[in-house]
Structures are given as structure tokens and as C-alpha cells.
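Inside the fold
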Amino acid sequence: GAVVSQHPSWVICKSGTSVKIECRSLDFQATTMFWYRQFPKQSLMLMATSNEGSKATYEQGVEKDKFLINHASLTLSTLTVTSAHPEDSSFYICSAKGDYSYEQYFGPGTRLTVT
Amino acid sequence: GQNIDQPTEMTATEGAIVQINCTYQTSGFNGLFWYQQHAGEAPTFLSYNVLDGLEEKGRFSSFLSRSKGYSYLLLKELQMKDSASYLCAAPERTGGFKTIFGAGTRLFVKA
């Protein structure tokens, strides 16, 4: 099956700093990528959908100026958490989808801890 | 609107069979997914149903009834490693594309 990687797998940062998370599709072209956030014992919450070469579409309640998403190529999308605060600590998961299938392929996730 | 309902938690015994139900309401129908998610890990694909009926894949089977807006995941010969959350999900295409996820069913397999 298709492989999606995420980097870093975990990160600890200080409050007020910014953190960038990369999501890469390794063996297919991902026309659409999704960013999810998941708090302990809760389900996936879609943050935004990004299509290659265009601006991301954010879900209601997600601050686009705080969570910057760039999908510059068919294999790479990045999520930057700006001015991170402890309440941003969460498990961030990306997924990627090609043109010809509804299936999403998930990355392994990034655990962010803001101190 | 879109809505996916599944039980919050279930407990079953090692070696037994468990059925996890899911009811859905979506704008249009583009199939139904089941994912498995272990704690601290990303979801992994289990099945995708588009047509009515039962699809079997090893110890896991998935059933779909489009007329009833209903699906279930059947796990046979339960193993301790099957303890995980099971997510029911439906793709939606309204303007853009996204997948609606249920809240997940946490399955505990006991010895």
C-alpha cells in the first residue's frame, strides 16, 4: 500500500515558539492532504484540507493564522503551529489521498508537547 | 447533515467474536471505511465497502446496508492485540472532498 511519512514523530517546544511538521507521500502523488488533531481518548478532528498548489480549506473553529498549511508539491505538505501554547499539545496526524481513490493513507503522527 | 454513530466502548473475551455497529447519515454515498487505531498510533485501513453485503478479509469482515445506513465490523477469533479503537468513516464530496469519522469504538479484549 501507499506510504505516508511524518516528521518529526515527536517534538517538545516552549510556549511562544513555532513548530513545523512535515507530511510526505513516499510512493504516490497526493493531490489532497488532510491534517487532523487528536486529543487523548477522543476521535480524529479534521483541521484542514489542502490541495497541491492552492490554499488550504480550514474547518470551522480552526485558526488559519495559527495553523499554517503549505502544500507546495504533490508529495509534501507542512503544518506550522505558530506561537504554540500548552493547549496546542496534541497528536497531529496527516493523511494523503490520490486522485483515483477515496482511501486516505495516514502518516504515523506527530506528538507535540508545548511546555 | 452528516453523522456517524458507533458505540463508545465494547469488551469481549479472547477467542470470541465481536460485532461493532455503525450507522451513518451522509450527503451522498461514496462508500464506508473501517479503520483500526491503537493508542498513540495513526489509524490503519481495515476495509472499504461500496456495495451491500458482507466482505470477508481474514479474521475481519465488514458488512454494509446502504438502504439502512448501517454497517458493522465483525472480528473473529479475538486476540489481545485487537484491543484498539475502531473508526467508522464515510467519504463526503460536497464541493471539496473530506472523510467524516465516527468517534470510534474502543474495544477491550480480555483474557
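Structure shown above.
About the thresholds
Residues numbered from 1 in each chain as written. Chains lettered and ligands numbered in written order. Predicted model: local features only at pLDDT ≥ 70, side-chain atom pairs only at ≥ 80, totals over all residues. Heavy atoms only, no water. Contact = heavy atoms within 4.5 Å. Buried area = accessible area lost by both parts, 1.4 Å probe. Salt bridge = Lys/Arg side-chain N within 4 Å of Asp/Glu carboxyl O. Polar contact = N/O pair within 3.5 Å; in protein donor to acceptor, adjacent residues only side chain to side chain. Helix = DSSP H or I, 4+ residues; strand = E, 2+ residues; numbered from the N terminus. Nonpolar A, V, L, I, M, F, W, Y, C, P; charged D, E, K, R; others polar. Phe/Tyr/Trp six-rings, centres within 6.5 Å; stacked < 30°, edge-to-face > 60°. Lys NZ or Arg CZ within 6 Å of the ring centre and 35° of its normal.

1. A few points about the interface of chain B and chain A
- Taken together, the contact between chain B and chain A spans 21 residues of the former and 20 residues of the latter.
- In total, about 1600 Å² of surface goes out of reach between chain B and chain A, with carbon and sulfur atoms giving 59% of it.
- At the surface where chain B touches chain A, the tally comes to one salt bridge.
- At the boundary of chain B with chain A, the tally comes to six residue pairs in polar contact (both at pLDDT 80 or more).
- Sorting the residues of the side of chain B that touches chain A by element identifies β4 (32–37), β5 (44–49), β9 (84–94) and β10 (96–101) of chain B as the ones contributing at least two each.
- Here the element with the most residues in the side of chain B that touches chain A is β10(B); it accounts for four residues.
- Within the side of chain B that touches chain A, the residues separate by chemical class into 11 nonpolar, six polar and four charged.

2. Considering the packing of aromatic side chains
- Counting across every chain of the model gives 17 aromatic pairs over all chains.
- Ring geometry for A:Phe34 against A:Tyr36: centres 6.5 Å apart, planes inclined by 35 degrees, an arrangement best described as tilted.
- Through a chain of ring-to-ring contacts, three or more aromatic side chains come together here, namely A:Phe34, A:Tyr36, A:Phe106, B:Phe33, B:Tyr35, B:Phe45, B:Tyr48 and B:Phe101.
- Over the ring of A:Phe67 we find A:Lys66, and its NZ or CZ is 5.9 Å from the ring centre.

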